[in-house]
Amino acid sequence: MAAKIYTEQETSLAPLQNRVFGVIGFGSQGHAHALNLRDSGIEVIVGLPEKSRSVGVARDLGFPVQRNGEVAAKADVLFFAAPDLAIADIYSADVVPHLRPGQTLGFAHGFAVHYRTIAPPEEVDVVLVAPKGPGHLVRREFTQGKGVPALVAVGQNPSGRALETALAWAAGIGSARAGVIETSFREETETDLFGEQAVLCGGMTALVQAGFETLVEAGYQPEMAYFECLHEMKLIVDLMYEAGISGMRFSISETAKWGDLTVGPQIIDEHVRETMRKVLGRIRDGSFAREWIAEAHGGKKHYQELLQQGAGHPIEQVGERMRSLMPWLKKRDMSGAQAAYEKGLGKGEAT
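Going along each chain's sequence as written, the residues are numbered from 1 onward. With pLDDT at 70 or above as the cut-off, local features in this predicted model cover only qualifying residues; side-chain atom pairs require 80 or more to be listed or tallied, and sums for whole chains, interfaces and linings still use all residues. Excluded from the side-chain calculations are hydrogens and water; all other atoms, namely the structure's heavy atoms, are used.

Draft legend 1. Focus on the pattern of salt bridges. Salt bridges are counted wherever a side-chain nitrogen of Lys or Arg sits within 4 Å of a carboxyl oxygen of Asp or Glu. Tallying each qualifying case throughout the model produces 14 salt bridges. Arginine 100 is the partner of aspartate 76 in a salt bridge, and the nearest nitrogen-oxygen pair spans 3.1 Å. A residue pair is termed long-range when its members are at least 10 positions apart, and aspartate 76 in the loop between helix H3 (68-74) and strand E5 (77-80) and arginine 100 in the loop between helix H4 (84-95) and strand E6 (104-107) qualify at 24 residues. For the exposure calls, accessible area comes from a 1.4 Å probe over protein chains only, and a residue counts as buried if that area is under 20% of its type's maximum, exposed if over 50%, partly exposed in between. Arginine 100 gets classed as partly exposed once you look at its relative accessible area, which sits at 26%. With a closest N to O distance of 3.6 Å, glutamate 190 and arginine 186 form a salt bridge. Per the convention used, a helix needs a DSSP run of H or I reaching at least four residues, while a strand needs a run of E reaching at least two, with both numbered from the N terminus.

Here is the structure:
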């Protein structure tokens, strides 16, 4: 069955007008939603810990900044723009004492609700608005009159208006310009985690590193291996992004197409597909969530070890040297983001 997709003509900002929208956290998604909603005419307040480095950033942008509990008490719609594993502590310490009937709790990812790290009371609406892109892109597309597609879902609907609120929120950040797909907390959470693990992050990085290692072990220069297995990936992904897999194939050589069609299925064979099914199974039965929560509660030692191993891979040193020869490439200052990431804030989002 095809998904229900809402467009700008089918949404309205009315359900958010005359309501206070509270944003807890001011990282990647938090700052983008706050800015876009304010520009759409919605009253936005920001909740942050007193010592958060984001307090000054939010205030410089003109937002009223208060402690999380104060925002929870004032907001009609409360958006948890915090990392997945931080939400439970914020919710229990700062939000629960201030919950009231008629409020809406909102999320950009369904992890906390789907895996029950929080348990909202029955008298509040629970919604999901998940843009399919990072916060900086959500903001940039909005300012250019465009939008990033988003998913919406309803977890609880005692008011009978939860979906209307979610659609107004999606419209307010610009996503209705590109299309808003109705889903469920379960579907969003499980497909998002699977995509990250099997394809977009885990699958892609492991494939790139394995290809690099195979060429270098066979005696080819590391620089050649870097270009063939990492640098050129952006060219192919951009073509797929713009025109799909068939469109990408239209733009590459016939030799490349033949290799794609005949060798690709040998790399991603039935063994890999079976591993993907096992990965999906662990997501669906909660095993992955329990493992990740336990790792976080145990101090994230193994997590840190794996990050350090990845940062020490030879492809990183080769890549840094090769990118330095291309001054036109946009360089990203990752020092602050990496520090937050290594503290376990997840997805590089500071609160």
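Draft legend 2. A look at the packing of helix H8 (residues 185-200) against helix H13 (residues 270-284). The contact between H8 and H13 brings their axes to 10 Å, and the two run at 140°. One finds that H8 runs oblique with respect to H13. For H8 against H13, the interelement crossing comes out right-handed. Where H8 abuts H13, its residues Arg186, Glu190, Leu193, Phe194, Gln197, Ala198 and Val199 lie against Met276, Val279, Leu280, Ile283 and Arg284. When residues are grouped by polarity, Ala, Val, Leu, Ile, Met, Phe, Trp, Tyr, Cys and Pro land in nonpolar, Asp, Glu, Lys and Arg in charged, and all others, Gly among them, in polar. Its residues assigned to classes, the contact of H8 with H13 shows eight nonpolar, one polar and three charged. Here an axis means a line fitted to C-alpha atoms, over the contact stretch when the element is a helix, while the angle between two N-to-C directions is reported on a 0 to 180 degree scale. Any angle that falls under 35 degrees is termed roughly parallel, while one over 145 is termed roughly antiparallel, one within 65 to 115 roughly perpendicular, and all others oblique. The handedness criterion is simple: a crossing whose near helix is rotated anticlockwise from the far helix by less than a right angle is left-handed, and one whose near helix is rotated clockwise is right-handed. The criterion used for residue contact is that any of the two residues' heavy atoms lie within 4.5 Å.

Draft legend 3. The packing of aromatic side chains, seen in detail. Ring geometry is summarised as follows: Phe, Tyr and Trp rings, the Trp one being its six-membered ring, pair when their centres sit within 6.5 Å, and such pairs are stacked at plane angles under 30 degrees, edge-to-face over 60 and tilted between the two. On inspection of all chains with the given rule, the structure shows 10 aromatic pairs. Measuring from centroid to centroid gives 5.7 Å for tyrosine 226 and phenylalanine 227, while their planes differ by 70°, and the two rings are edge-to-face. Residue classification places tyrosine 226 among the buried residues on the basis of a relative accessible area of 1%. Overall, the relative accessible area of 24% leaves phenylalanine 227 in the partly exposed class. Put simply, the rings of Phe80, Tyr91, Phe107 and Phe185 touch in pairs and so form one group of aromatic residues. Lysine 4 extends its terminal NZ or CZ atom over the ring of tyrosine 6, reaching a point 5.0 Å from the ring centre. The ring centre of phenylalanine 142 lies 4.6 Å from the NZ or CZ of arginine 177, which sits over that ring. Comment: the charge-over-ring label is applied if NZ (Lys) or CZ (Arg) is within 6 Å of the ring centre and within 35 degrees of the ring normal.

Draft legend 4. The confidence of the model for the protein, seen in detail. Residue-level confidence of the predictor is what pLDDT reports, using numbers from 0 through 100. On average, residues of the protein carry a pLDDT of 93, and 94% of them reach 70 or more. Scored below 50 in pLDDT, residues 334-351 shows 34 contacts in the model against residues more than four places distant or in partner chains.

Draft legend 5. Layout of the pairing of strand E3 (residues 43-47). With four of five residues buried, E3 is to be regarded as a mostly interior element. Between any two strands, pairing holds if DSSP finds at least two bridges. The sheet contact formed by strand E2 (residues 20-24) and E3 spans five bridges and is parallel. Looking at the pairing, isoleucine 24 lines up with glycine 47 of E3. By definition, the crossover connecting two strands over a helix is right-handed if that path, from the first strand to the second, turns clockwise as seen with the strands pointing away from the viewer. Regarding the hand of the β-α-β motif, the stretch spanning E2, helix H1 (residues 28-39) and E3 is right-handed. For E3 and strand E4 (residues 65-66), the ladder comprises two bridges, and the chain directions are parallel. Bridge pairing links glycine 47 to glutamine 66 in E4. Of the crossover connections in this fold, the one passing from E3 over helix H2 (residues 54-60) to the parallel E4 is right-handed.

Draft legend 6. Representation of the nonpolar core in the model. By convention a nonpolar core is built from buried Ala, Val, Leu, Ile, Met, Phe, Trp, Tyr and Cys residues, the set being connected through side-chain atoms within 4.5 Å. Among the nonpolar cores identified, the biggest contains 33 residues, and Leu16, Phe21, Leu37 and Trp169 are the most heavily contacted of them. Elements that contribute at least two residues to this core include exactly E2, H1, E3, H2, E5, strand E7 (125-131) and helix H7 (162-172). Of all the elements, H7 adds the most residues to this core, at seven residues. Residue contacts for leucine 16: discarding those within four places in its chain leaves Phe21, Leu37, Ile42, Val77, Thr165, Ala168 and Trp169. Formed by 25 residues, the second largest nonpolar core is a distinct cluster that contains Phe80, Ala82, Tyr91 and Phe107.

Draft legend 7. Representation of helix H16 (residues 314-323) within the structure. Among the residues making up H16, those that are buried are Ile315, Val318, Gly319 and Met322. End-on view of H16: buried residues confined to an arc of 100°, all on one side of the axis. For H16, the elements touching its buried residues are helix H9 (202-217) and helix H10 (222-231). The directions considered for the arc are those from the helix axis to the C-beta atoms.

Draft legend 8. Unusual backbone geometry, seen in detail. Although it is not a glycine, asparagine 18 sits at a positive phi angle of roughly 65°. By secondary structure assignment, the location of asparagine 18 is in the loop between strand E1 (5-6) and E2. The class of asparagine 18 is exposed, set by a relative accessible area of 85%. In the Ramachandran plot, lysine 300 falls in the positive-phi region, its phi being about 60° despite a non-glycine side chain. For lysine 300, the location among the structural elements is in the loop between helix H14 (287-297) and helix H15 (301-311). Classification of lysine 300 as buried rests on a relative accessible area of 10%.

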